[in-house]
Amino acid sequence: MSLISRLPEVEEFLSRVQPLRIDGAEVAGSSELDVVDPSSGSVISRVAGAGAAQVDMAVAAARAALSGPWGRLSPHDRGRLIWNLAELIEARKAIFGQLDALDNGKPFAVARDVDAVWSARHFRYFAGWPDKIEGATIPVSTPNRLNHTRIEPMGVCGLITPWNYPTLMVAWKLAPALAAGNTIVLKPAEQTPLSALYLADLALEAGFPPGVLNVVPGLGGDAGAALAAHPGVDKIGFTGSTATGRQIVMASAGNLKKVSLELGGKAANIIFADADLERAVPGAFWALFGNNGQSCTAGARLFVHRSVHDQVLDGLRKLAEGLSVGPGMDLKGHDLGPVISRVQMDKVLGYIADGRTGGAQCIAGGGRLGDTGWFVQPTILAGVSDDMRVAREEIFGPVLCVLPFDDEDEVLARANDSEYGLAAGCWTRNAGCVARMGAGLHAGTVWINCWGDTDAASPFGGMGQSGYGREMGRDALALYTQTKSVWQGL
Ligand code: NAI
Ligand code: MG
């Protein structure tokens, strides 16, 4: 196997313990974290880890920056800085691609052309917003009064992000938060801190004043918990597990900071008898195996009408057997990489074993792949029933569960029988069914005859225990702004 050679910038970045980025400066942490490449399982670098003291520093820097040059910048110039950042990300997409491919394990081409390029697009979309965040003049009924609203930033925003899309999940939160005029303390996932640190350097290069974006990698229970509980933080934007989301809500109670949460999912995907199987089978396949199943929107529960069940299963199995799985930096280029960590690999393998014990048939994969790095074979479990753990809990790995069904009312009820509600979808050529599913599926996003589409302009978020708040589009600005009503006696 030959690996893609690392860019000089990437070599340089990995060659020293990356410090925290606070107030435009490099700051030592209170610990050091290993940077692990899950494709090899080996430590490739180290970064500083923040503790409560460094989180305090970062929050103070972000607070001070609110009333510095950033706070006085015109909306036009704020937009221009965000645009500059978008251009820099796109120009350095290969660096982002390598950092994320090494840190997360995903294929380099995907990390560069999807994660980095879409991040740039996200910033570009939000660069257009600062001079369009309008208040209103309200026709109040009191005589001799003028009433208007101002849409103001929240203040200091703590952003806590996961490891599955290291750059993109940062972009989803950071771009609207900056467009609205906030300052930021970003705590990236401890498994994938590199690209967030690199982004902090690009933000300075783009012209953002020091203190606007502070980056403090660290453990969740350490830096993350300190940020979530911090009295100087006005808002937390979080993506991650439902369990951690709950802890963040509790930690936020001290100062009643605003919280938005994008949490787990267990998306139902339905193939009806009349579906165009040429599209539905690969569509449903990639709905789960995209990003190696490590997506909150993964189409994890695939309901297939009994009349096409065996045919679909056969198609899925063939696709699984044709997948190439390997290191993110392999010159050959693979469809999928490893899962993020040994912990995650053991968790995924545990679910597969549990499904088999419960009576599911493994028609593809089923075990670890090789003994170097954290690879799991793309796995398909058939004959899964609704009450099994593999059908109810988020696995977050390359495991597709297939469940047969007989009629529409039945499958809709079963699809909606989940504590989660992030995404759902179906494949059908029946216009009535399309309309009924669009309305009936309980999820923040419904995909019909497609899967996984997102756009910076279209709202995204969860119902039920998949969280609250909508990222992207104009809804995202609501998460990072607050409305003030101003009354004036005439
Ligand atoms: P996690 O939710 O614990 O981690 C996400 C982020 O939260 C990380 O930055 C972490 O450092 C931080 N964090 C952890 N504990 C915290 C605390 N007490 N206070 C503040 N921040 C804290 O998820 P983890 O452990 O990485 O993965 C476990 C499972 O979570 C996965 O198997 C998957 O099911 C789910 N998950 C869902 C994601 C999504 O996109 N919805 C992303 C990552 C994980
Ligand atoms: Mg890593």
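Residues numbered from 1 in each chain as written. Chains lettered and ligands numbered in written order. Predicted model: local features only at pLDDT ≥ 70, side-chain atom pairs only at ≥ 80, totals over all residues. Heavy atoms only, no water.

So, about the site of ligand 1. Taken together, 27 residues lie around ligand 1, and W163, K187, E190, S241 and K347 are the ones closest in. Between ligand 1 and T161, the relevant distance is 2.8 Å, taken from an oxygen atom to a main-chain nitrogen or oxygen of the residue. Contacts to ligand 1 include L263, whose backbone N or O atom sits 3.0 Å from a nitrogen atom. Notes on ligand 1: free accessible area 800 Å², of which the protein chains cover 87%. Secondary structure elements with two or more residues in the shell around ligand 1: α9 (220–229), β10 (235–239), α10 (242–252) and α13 (342–357). Taken together, the residues of the shell around ligand 1 sort by class into eleven nonpolar, twelve polar and four charged. Looking at which domains feed residues into the shell around ligand 1, each of domain 1 (8–263 + 466–489) and domain 2 (268–456) gives three or more. (Near = heavy atom within 4 Å. Polar contact = N/O pair within 3.5 Å; in protein donor to acceptor, adjacent residues only side chain to side chain. Areas by Shrake-Rupley, 256 points an atom, 1.4 Å probe, with all protein chains shown as cover. Helix = DSSP H or I, 4+ residues; strand = E, 2+ residues; numbered from the N terminus. Nonpolar A, V, L, I, M, F, W, Y, C, P; charged D, E, K, R; others polar. Domains from an automatic or database assignment.)

Another aspect to go through is the sheet that holds strand β6 (residues 145–153). Here three strands make up an open sheet; going across it, the order is β5-β6-β22 and the pairing antiparallel. Since the sheet does not close on itself, it has two edges, and those belong to β5 (137–138) and β22 (481–489), each with one partner. Sheet analysis places β6 next to β22, joined by nine bridges and oriented antiparallel. In the strand pairing of β22, T149 is matched with S485. (Pairing = 2+ DSSP bridges.)

All right, on to the packing of aromatic side chains then. Summed over all chains, the structure comprises ten aromatic pairs. When the ring of Y125 is compared with that of F126, the centres are 4.8 Å apart and the planes differ by 90 degrees; the resulting orientation is edge-to-face. With relative accessibility at 26%, the residue Y125 sits in the partly exposed group. Plain terms: the ring middles of W172 and F460 are 5.1 Å apart, the flat faces sit at 70 degrees to each other, and that makes the pair edge-to-face. Residue W172 is found in helix α7 (residues 166–179), and its partner F460 is found in the loop between β19 (445–448) and β20 (463–464); the two are separated by 288 residues along the sequence. You can call F460 buried: its relative accessible area is 4%. Three or more aromatic residues link up through ring pairs in this structure, and these residues are F13, F96 and Y198. The cationic tip of R124 hangs over the ring face of W83; the distance from NZ or CZ to the ring centre is 5.6 Å. (Phe/Tyr/Trp six-rings, centres within 6.5 Å; stacked < 30°, edge-to-face > 60°. Buried < 20%, exposed > 50% of the residue type's maximum accessible area, 1.4 Å probe, protein only. Lys NZ or Arg CZ within 6 Å of the ring centre and 35° of its normal.)

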